[in-house]
Amino acid sequence: MDFELTQTQTLIRDTARKFAREVVAPLARKLDREEIFPVETFRKMGELGLLGVNVPAEFGGAEAGVVSYSLAVMEIAAACASTSVAMCVTNMVAELIVQFGTEAQKKQHVTKLTSGEAIAGAFALSEPHAGSDPGAGRTTAVKQGDRWVLNGTKQWITSGAYAGVIIVWARTSNEGNKGLSCFIVEAGTPGLIVGKHEDKMGLRGSNTVPLTFENCEVGEDHLLGKQGDGFKLAMVALDGGRVGIASQACGVGRAAIEASVKYAKERQAFGQPIGDFQALRFMLADMHTQQQTAELLSWRAASMKEKKQPFTREASMAKLFASEMSNRVCDKAVQIHGGYGYIDEFPVERYLRDARVQTIYEGTSEIQRIVIAREVIKAAG
Ligand code: CAA
């Protein structure tokens, strides 16, 4: 067991940290207040390799592995969680096409994603009535000649209005989970209708829209993986995606702790900095310990994925613990800031709003517990 970062991991972390501090952080408050999606930031992230950290270099990726990816997400999320979620989904979409796409699909779509040309990737799995249970999706894809015709509505699609490449799950038969297939749909395809941007509690700089498909036609070469394998592709993508969201939660938690320590050293009460009071020190000790635990869980899951070991349970544990940690830590950060924590002069109110969805998206905490329990019972034989 070695807790030292490799040269590549250190380079990616430092590159992401510098970019996060110089470019991403100064924009974060404005993106949140004005609900702006940072298009220019994504072009620059493409140049730095942050949109395909674990993608082979031949498709424009950094080919730096999953631990590097986790480190990069933590840095971007510590500066702006909204930017980090679109980064996570773009990496997830690029990796899914690398893993299951044909050579032609990889050449056509992955380089566009990693370079920032596509701005972002989107993952269109959930539907208005089916979030935790994607096997109940009703969007259909019907084969007509050499074309697939898609009809239905997808809900909560991160970056949906900006993404150049969208992976869409649609039903190709009525066989429940086994009836789902996966399609690559490009922005601007006739019949793809982008709905109204959701006015969210947090992650307000992340674009979230419904996508409707009305006789939306794609060629048969847009089927990703085999017909009927869509559910499995979703599960594989989400295992990796959960490492991303765990890392995001670690980044937001770390930012909340850094803000709290700074405030606790500056703010005076009863003639001394509030950070000198044991009540606050105990809070900071618990926050830091929980955040560091979440980082270790995230890196273990990332490392197992990198070594191509089964990591479903580890990814769910990291996502469960890290997302619940970031909610607890951000709540405490607001408490430490007192009244100032509740206004937007300090960033901790944004951190708390941004953290809230982390226990919901890419599988709720309840879904993670289902996955973990199944794996624990399965391993017991
Ligand atoms: N890897 C590979 N295959 C897997 C798998 C995994 N992790 N998990 C399940 N499978 C396979 C199973 O082996 C099974 O295969 P067979 O039929 O060949 O035996 C098949 O998939 C069906 O599996 P289950 O019977 O376990 O399926 P289920 O219906 O009981 O559901 C579930 C399992 C874990 C609850 C799953 O539905 C789930 O993860 N739900 C949550 C969905 C989710 O996370 N949605 C988030 C939306 S996306 C998002 O938020 C993105 C964003 O923009 C931020």
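See the structure printed just above.
Because the structure is predicted, anything quoted here is derived from the model rather than measured.

(A) Region of the structure containing the site of the ligand. Every one of the 22 residues lining the ligand counts as a neighbour, but S132, K178, D239, E362 and R374 are closest to it. Within the side chain of D239, one N or O atom sits 2.8 Å away from a nitrogen atom of the ligand. Elements supplying a minimum of two residues to the shell around the ligand: α6 (230-266) and α10 (365-379). Sort the elements by how many residues they give to the shell around the ligand and α6 lands first, with seven residues. For the shell around the ligand, the class distribution of residues is nine nonpolar, seven polar and six charged. Viewed by domain, the shell around the ligand spans two of them, domain 2 (123-230) and domain 3 (231-379), each represented by three or more residues.

(B) Representation of the layout of surface pockets within the structure. In this model, the largest pocket occupies a volume close to 1,300 Å³. Lining of the largest pocket is provided by 45 residues; of these, G131, I360, Y361, E362 and G363 occupy positions nearest its centre. Elements with a minimum of two residues in the lining of the largest pocket: α4 (81-100), β3 (147-158), α6, α9 (348-356) and α10.

(C) Structural context of the packing of helix α1 (residues 7-34) against α9. Interaxial distance between α1 and α9 falls to 11 Å at its minimum, and their mutual angle equals 60°. Taken together, α1 and α9 sit at an angle that is classed as oblique. The chirality of how α1 crosses α9 is left-handed. Side by side, α1 and α9 meet where A28, R29, D32 and R33 of the first sit next to E349, R350 and R353 of the second. Residue composition of the contact of α1 with α9, by class: one nonpolar, no polar and six charged.

Calculation notes
Residues numbered from 1 in each chain as written. Predicted model: local features only at pLDDT ≥ 70, side-chain atom pairs only at ≥ 80, totals over all residues. Heavy atoms only, no water. Near = heavy atom within 4 Å. Polar contact = N/O pair within 3.5 Å; in protein donor to acceptor, adjacent residues only side chain to side chain. Helix = DSSP H or I, 4+ residues; strand = E, 2+ residues; numbered from the N terminus. Nonpolar A, V, L, I, M, F, W, Y, C, P; charged D, E, K, R; others polar. Domains from an automatic or database assignment. 1 Å grid on protein atoms, 1.4 Å probe; cavity = no way out; pocket = protein on both sides within 12 Å on 5 of 7 lines; lining within 4 Å. Points joined across faces, edges and corners; volume = space filled by probe spheres on them. Axes fitted to C-alpha atoms, helices over the stretch in contact; angles between N-to-C directions. Parallel < 35°, antiparallel > 145°, perpendicular 65-115°, else oblique. Left-handed = near helix turned anticlockwise from the far one by under 90°. Contact = heavy atoms within 4.5 Å.

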